[in-house]
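Structural overview for review
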Amino acid sequence: MIKKILHISVAAICLQSQPGWAVPAEGHRLLVAAPSPYAIETAEEIISAGGNVADVAVAIGLTLSVTSPYYAALGGGGFALIRMRGESAVLDFRETAPAKTHENFYADPKNSSIKGGSAVGIPGVPAGLIALHEKYGSLKWQRLFKPALKFAEQGFAVSGEWTSKTTREQEHFSPGAFQVFFKAKKQTYKPGEVLKQKQLAQAIKLLRDKKRKGFYEGPVAQDLVKSVQAQGGVLSSEDLKNYSVVWRKPLEAQWGDYQLLLMPPPSSGGAVIKIAASLASMLKPEKYPALGAEEAHLLGEILSRSYRGRTRLADPAFHNNPFDLLFSSKYIEDLKNKISMKRTQSLAPLSDSTVKESTQTTHYSIMDKDGNAISLTVTLNGNYGSRVVSEKYGIALNNEMDDFTTQPGKPNMYGLIQGSGNLVRPGQRPLSSMSPTIITKDGKSVMAIGAPGGPRIISSVFQVIYRSLFRNMDLDMAIQAPRVHHQFLPHTLYVDDQRWSPEVITALKKKGHKIEPSWMGRVYAVRLKSDGLLEAAFDARGEGSAGGF
Ligand code: DON
């Protein structure tokens, strides 16, 4: 497998890293599934220094901001689902809309929500890492920076994904990118070539030494504001100074013997998974042969109905999320009664529609032997976000503003139709699909799971939980197994490209499904096995690595 080869070759370069023995990786102490072998090297260094899951999560976040800037740069945002010492919490470090934006901001054609300064939301990653460490970390803050600074200052061998994702944006980048991600004359780095980021190392040191003030104020903040404004954006120093994370309670759901700790709004992920889990508990897709057409049809119908309520969700600070309706037995029972095993059926939308979603995000899952777990998704939204890279420090900035309802009534690049609760308002967080999830059984953590993939995150996380816990597949098999995706609108069943047999596809078409081959979310998960050991696995649909001790 390409990923294993990548892991082994990079491990050889980094010397310290353990080889990837197998997928899933197994361990007895603390395991991680992440998108890069550099994350695993970082984790192993921090565990060896005595770090806990929170220390590992923070150090990986810093490392990925250096080695995977297209989705994990400091200019992005994210969510973490946390279970520490038996208590659970949600850390929301989602980007927010700058003060100078408004509901009609994107009606002006010069303001793009996808590219350039106008697409940038106020970044949350540095504040998120600080908050995570302050509440749960055990090692000194400064210690967590060592691996990231080594990669930034001494360099790291870029991966195939790094090269393709960077080359792809060559025509769209702001000038700052050419000082850091390209050689002279805009030449790209080939996979295996070593990239150093000295300016970024300076910014990371300011964060290390001055914490919040090192990023949200002072020279880094000035660089971000100047670079965004030069590209037509409205981000201000006040916006950065005022940014704050929010601690939330997870949304909870029951599925069989398992308790799901799910991501609440401003993500739609938890609510959709909760509805899907209720429907799956009643309809039991596991009654049908695994990976056959009946099971795929039923999963598709469950997903389609579960996504129906997504248009009604938004940031709870600005919007009243109608959970009384969406989680009521009557609503769920109605959805269930409209499922037929013979033919697919489309339902009328709930009143209210429209917003956007996009293409680059990543996730890592961490769990230790005592059940402490962190499931953390981080994103710039699109690949390199807005494609604005700050001129002095080389920090890539998100285009998370595109997750708002920017043009009511119009489907976004993923065909998602969203609601008016999610209009652009200063300080509001755009609706997300990110679904970091932790699962417990009898009060014990048994799985930490999540994925990138826009709306496909939700369907991917749901199906891997289903296959692993209700089909008893080992974690790797559950992740690699073919998936379907249905997001209510359009009434199309997206099927994992090249993974389903022609017989299954034919049978699904006979049930009336409009079929479209598609990409899926990339899942990273850690699970506690029945023998008490931990296993961690990552999705072969992209780069990844799993390890720990
Ligand atoms: O928050 C969200 O739902 C999106 N910004 C996530 C985008 C994403 O996962 C793209 N990944 N491939």
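Given the structure is predicted, the values throughout are model-derived calculations rather than measurements.

What counts as what
- For every chain, the first residue of its written sequence is number 1, and the numbers climb from 1 along that sequence.
- In keeping with the model being predicted, local features are shown solely for residues with a pLDDT of at least 70 and side-chain atom pairs are shown and tallied solely at 80 or more, while totals for entire chains, interfaces and linings include all residues.
- Hydrogen atoms and water are omitted, and side-chain values are computed over all heavy atoms in the structure.
- Working convention: axes come from line fits to C-alpha atoms, limited for helices to the stretch in contact. Angles between N-to-C directions cover 0 to 180 degrees.
- Helix numbers and strand numbers start at the N terminus; a helix is a DSSP run of H or I with at least 4 residues, a strand a run of E with at least 2.
- What sets the label is the angle itself: under 35 degrees gives roughly parallel, over 145 gives roughly antiparallel, 65 to 115 gives roughly perpendicular, and the rest give oblique.
- Each helix crossing is assigned a hand: it is left-handed if the near helix lies turned anticlockwise from the far helix by less than a right angle, otherwise right-handed if that turn is clockwise.
- Any two residues having at least one pair of non-hydrogen atoms within 4.5 Å are treated as being in contact.
- Residue polarity is assigned by list, with Asp, Glu, Lys and Arg as charged and Ala, Val, Leu, Ile, Met, Phe, Trp, Tyr, Cys and Pro as nonpolar; anything else, Gly included, falls into the polar class.
- Working definition: a ring pair exists when centres of Phe, Tyr or Trp rings (six-membered ring for Trp) sit within 6.5 Å. Plane angles under 30 degrees give stacked, over 60 give edge-to-face, the rest tilted.
- Throughout, exposure labels follow a simple rule: accessible area from a 1.4 Å probe, protein chains only, divided by the maximum for the residue type, with under 20% read as buried, over 50% as exposed, and the rest as partly exposed.
- This count recognises Lys and Arg as positive and Asp and Glu as negative, with His and chain-terminal groups excluded.
- Take a side-chain nitrogen of Lys or Arg and a carboxyl oxygen of Asp or Glu: if they are within 4 Å of each other, that pair is a salt bridge.
- Identification of polar contacts relies on pairs of N or O atoms within 3.5 Å, with a donor-acceptor requirement for protein atoms, meaning one able to donate a hydrogen and the other able to accept it, and with residues adjacent in sequence counted only if both atoms are side-chain atoms.
- Only when DSSP finds a minimum of two bridges between them are two strands counted as paired.
- A residue's pLDDT is simply how confident the predictor is in it, with values from 0 to 100.

1. Examining the packing of helix α13 (residues 269-283) against helix α14 (residues 293-307)
Packing of α13 against α14 leaves a shortest axis separation of 8 Å and a crossing angle of 140°. Judged by the angle between their axes, α13 and α14 are oblique. When you trace α13 past α14, the crossing you get is right-handed. The segment α13 lies against α14, with Val272, Ile275, Ala276, Leu279, Ala280 and Leu283 engaging Leu298, Ile302, Arg305, Ser306 and Tyr307. In terms of residue class, the contact of α13 with α14 is made up of nine nonpolar, one polar and one charged.

2. What about the packing of aromatic side chains?
Across all of its chains, the model carries 21 aromatic pairs by this definition. Summarising the aromatic geometry, the rings of Tyr258 and Phe470 are spaced 5.8 Å apart at their centres and angled 75° between planes, so their arrangement reads as edge-to-face. Here Tyr258 is found in strand β9 (residues 258-262), whereas its partner Phe470 is found in helix α17 (residues 456-470), with 212 residues between them in sequence. On the basis of relative accessible area, Tyr258 is assigned to the buried category, the value being 14%. Classification of Phe470 as buried rests on a relative accessible area of 18%.

3. Considerations on the packing of helix α2 (residues 37-48) against helix α3 (residues 53-67)
At a minimum axis distance of 9 Å, the contact between α2 and α3 shows a crossing angle of 145°. Taken as a pair, α2 and α3 cross one another with a handedness that is right-handed. Across the interface between the two elements, Tyr38, Ala39, Thr42, Ala43, Ile46 and Ile47 from α2 touch Asp55, Val56, Ala59, Ile60, Thr63, Leu64 and Thr67 from α3. Considered class by class, the residues forming the contact of α2 with α3 number nine nonpolar, three polar and one charged.

4. Here's the deal with the side chain of Arg83
Its place among the elements puts Arg83 in strand β3 (residues 77-84). The charged side chain of Arg83 is buried without a salt bridge, its nearest counter-charge being Glu252 at 8.5 Å. At a separation of 3.0 Å, a polar atom in the side chain of Arg83 contacts the main-chain carbonyl oxygen of Gly443. Separated by 2.9 Å, the side chains of Arg83 and Ser445 make a polar contact. Setting aside anything within four residues of it in sequence, one finds Arg83 in contact with Ser88, Leu261, Gly371, Asn372, Ala373, Ile438, Thr440, Gly443, Lys444 and Ser445.

5. Comments concerning the pairing of β9
Summarising burial for β9: four of the five residues are buried, a large majority. As defined by bridge partners, strand β8 (residues 251-255) adjoins β9 across five bridges and the pair is classed as antiparallel. Of the residues in β9, the one forming a bridge with Leu251 is Leu262. Pairing of β9 with strand β12 (residues 437-441), which is carried by three bridges, proceeds in the antiparallel orientation. Bridge pairing in β12 links Leu261 to Ile438.

6. Here we look at the pattern of salt bridges
Considering all chains together, one arrives at 28 salt bridges under this definition. Glu45 is the salt-bridge partner of Arg143, the closest N and O atoms lying 3.1 Å from each other. Of this pair, Arg143 sits in the loop between α5 (125-136) and α6 (146-153) while Glu45 sits in helix α2, and the two are 98 residues apart along the sequence. Overall, Arg143 belongs to the partly exposed group, its relative accessible area being 23%. The exposure class assigned to Glu45 is buried, which follows from its relative accessible area of 18%.

7. Notes on the confidence of the model for the protein chain
When the pLDDT values of the protein chain are averaged, the result is 93; 94% of them are 70 or greater. Across residues 1-17, where pLDDT falls below 50, the model places 31 contacts with residues more than four positions away in sequence or in other chains. Predicted confidence is poor over residues 352-358, with pLDDT under 50, and the contacts of this stretch with residues over four places away or in other chains come to 58 contacts.

8. What about the sheet that holds strand β10 (residues 360-368)?
Read from one edge to the other, the open sheet built from seven strands follows the order β7-β4-β3-β11-β10-β2-β19, with strand pairing classed as antiparallel. The open sheet has two free edges, formed respectively by β7 (246-248) and β19 (545-548), since each of these has just one partner strand. Within this sheet the neighbouring strands show an average axis-to-axis angle of 15°, counted without direction. Relative to β19, strand β2 (residues 30-34) is paired through four bridges, and the arrangement is antiparallel. What sits directly across from Val32, in β19, is Gly547. Of the strands in this sheet, β2, β3, β10 and β11 (373-381) touch α3, which is tilted by about 155° from β10. Contacts from α5 reach β3, β4 (87-93), β7 and β11 within the one sheet, and its direction differs from that of β4 by about 160°.

9. Quick notes on helix α7 (residues 160-168)
Within α7, burial applies to Glu161, Trp162, Thr163, Lys165 and Thr166. Residues of α7 that are buried sit in contact with α3, α4 (69-72), β5 (156-157), β6 (194-195) and β10.

10. Quick notes on the sheet that holds strand β16 (residues 515-518)
What the three strands build is an open sheet, ordered β14-β15-β16; its pairing is mixed. Each of the sheet's edge strands pairs with one partner strand only, and the pair in question is β14 (484-485) and β16. Note that β14 and strand β15 (residues 493-496) share two bridges and pair antiparallel. Pairing of His485 across the sheet is with Tyr494, part of β15.

11. A short note on the environment of Val495
Within the secondary structure, Val495 is located in strand β15. Overall, Val495 belongs to the buried group, its relative accessible area being 3%. Taking the C-alpha atoms as reference, Val495 lies 5.7 Å from Ser518; in sequence the two are 23 residues apart. Once residues within four sequence positions are removed from consideration, Val495 is found in contact with Arg483, Val484, Trp500, Ile505, Ile515, Glu516, Pro517, Ser518 and Met520.

12. Considerations on the side chain of Ser386
Here Ser386 lies in the loop between β11 and β12. One polar contact links the side chain of Ser386 to the main-chain amide nitrogen of Val388, over a distance of 3.1 Å. The contact partners of Ser386, leaving out residues within four places of it in the chain, are Ile114, Lys115, Gly116, Ala119, Val120, Leu397, Asn398 and Asn399.

13. What about the environment of Val523?
Structurally, Val523 is set in the loop between β16 and β17 (524-528). We classify Val523 as buried; its relative accessible area is 0%. With sequence-adjacent residues up to four places away left out, Val523 is seen in contact with Ile449, Gly450, Ala451, Ser460, Val464, Ile479, Arg483, Ala537, Phe538 and Asp539.

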